[in-house]
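Structural description and commentary
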Amino acid sequence: MSNCGCQCHDKNATVRTILMDEHRVIERVLDAVERMLDENVIDREFTLGAVDFIRNFADGCHHAKEEDHLFPALESVGVPREGGPVGCMLHEHELGRSLVGLMTSSLDAAVAGRPEAVDAFRRAAADYVLLLRHHIQKEDNILFVMAERALDCQRKKELIAGFERSENATPGKHEKYLALADRLANWQFRAAPVCG
Ligand SMILES: [Fe+2]
Ligand SMILES: [Fe+2]
């Protein structure tokens, strides 16, 4: 069995621990984005790295495990999508994607110092951090607990196998983005301070 650096290959891993482990990695990048905002800089290279991480790890690896595997499994045992926790989580994933879109569309003008772009960038980045922090708390403490109770052993095994298949589809991707999260968490911001 290959080991890509994610917990799917750990015999003791559960659906909840695999997804919560990824949340802790995502939070390291959220902390770094928040640190950039606190230091009142807009670092283009850091931001492009953070957007790459968000799109390919937070969305590409993690949200895909939830949307393609966990949420359908929950729906299959009666957890509703519309008006229920699954629909709420999906809506928040979409909100996150649109905020990341705003960050990228305003980035170059913000780096050039255009005040309206600086405001738009900073607001989108701060809103994204806040949204994801609350989203992660709801999943860790409510949705994943619900999943542990609602899904039987067989279904949990199938979910973990599905996670592993997703990871194996792109060998090395998980490790690459863990390394990027590490670089972003230790980033020394280089851009000149901006006054938004
Ligand atoms: Fe989620
Ligand atoms: Fe999540």
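Structure: see above.
Scope of this entry: the structure provided in the associated data block. (Residues numbered from 1 in each chain as written. Chains lettered and ligands numbered in written order. Predicted model: local features only at pLDDT ≥ 70, side-chain atom pairs only at ≥ 80, totals over all residues. Heavy atoms only, no water.)

Some thoughts on the coordination of the iron ion (ligand 2)
Here is the rule we go by: Listed donors are limited to N, O and S atoms within 2.8 Å of the metal, widened to 3.2 Å for Na, K and Ca; water is not among them, so incomplete-looking sites are possible. Under the classification used here, a metal with four donors is tetrahedral if each angle lies between 85 and 135 degrees, square planar if opposite donors are over 155 degrees apart and the others between 65 and 115, a six-donor metal meeting that same test is octahedral, and anything else is irregular. Numbering of helices and strands starts at the N terminus; helices are DSSP runs of H or I of at least 4 residues and strands are runs of E of at least 2.
All of the protein donors around the iron ion (ligand 2) are His23 (NE2), His62 (NE2), Glu66 (OE) and Glu139 (OE); their distances to the metal are 2.0 to 2.1 Å. Coordination at the iron ion (ligand 2) is irregular: its 4 donor atoms span angles of 83 to 164° at the metal. Between consecutive donors of the iron ion (ligand 2), the numbers of intervening residues give the motif H-x38-H-x3-E-x72-E. Between the iron ion (ligand 2) and the iron ion (ligand 1), a spacing of 3.2 Å is present, and a bridge between the two is formed by Glu66. One end of the pair, His62, is in helix α2 (residues 44–76); the other, Glu139, is in helix α4 (residues 115–150), with 77 residues separating them in the sequence.

Quick word on the pattern of salt bridges
The criterion, for reference: In the sections that follow, a salt bridge refers to a side-chain nitrogen of Lys or Arg positioned within 4 Å of a carboxyl oxygen of Asp or Glu. Exposure classes here rest on a 1.4 Å probe applied to the protein chains alone. A residue is buried below 20% of its type maximum, exposed above 50%, and partly exposed in between.
Scanning all chains against the criterion turns up 17 salt bridges. Across the pair Glu75 and Arg81 runs a salt bridge, and its minimum N-O distance is 3.1 Å. By relative accessible area, Glu75 is classed as partly exposed at 27%. Each of the salt bridges in this network shares a partner with another, and the network as a whole consists of Asp59, Glu67, Glu94 and Arg97.

Considering the nonpolar core
How we decide: What is meant by a nonpolar core is a set of buried Ala, Val, Leu, Ile, Met, Phe, Trp, Tyr and Cys residues, joined one to another through side-chain atoms within 4.5 Å. Any two residues whose heavy atoms approach within 4.5 Å at even a single point are treated as in contact.
With 40 residues, the main nonpolar core has Ile26, Phe46, Phe53, Phe121, Tyr128 and Leu184 as its most contacted residues. Of all the elements, α4 adds the most residues to this core, at 10 residues. Other than its neighbours up to four places away in sequence, Leu184 contacts Val29, Ala32, Arg35, Phe46, Gly49, Ala50 and Phe53. Core analysis: the next-biggest nonpolar cluster, separate from the first, contains 19 residues, Ala13, Leu74, Phe144 and Leu151 among them.

Examining the coordination of the iron ion (ligand 1)
Around the iron ion (ligand 1), the protein supplies Glu66 (OE), His93 (NE2), His135 (NE2) and Glu139 (OE) as donor atoms, at distances of 2.0 to 2.1 Å. Note that the iron ion (ligand 1) binds 4 donor atoms; their angles at the metal cover 85 to 179°, and the shape is irregular. Read N to C, the donor residues that coordinate the iron ion (ligand 1) are spaced as E-x26-H-x41-H-x3-E. In this structure Glu66 comes out as buried when scored by relative accessible area, which is 0%.

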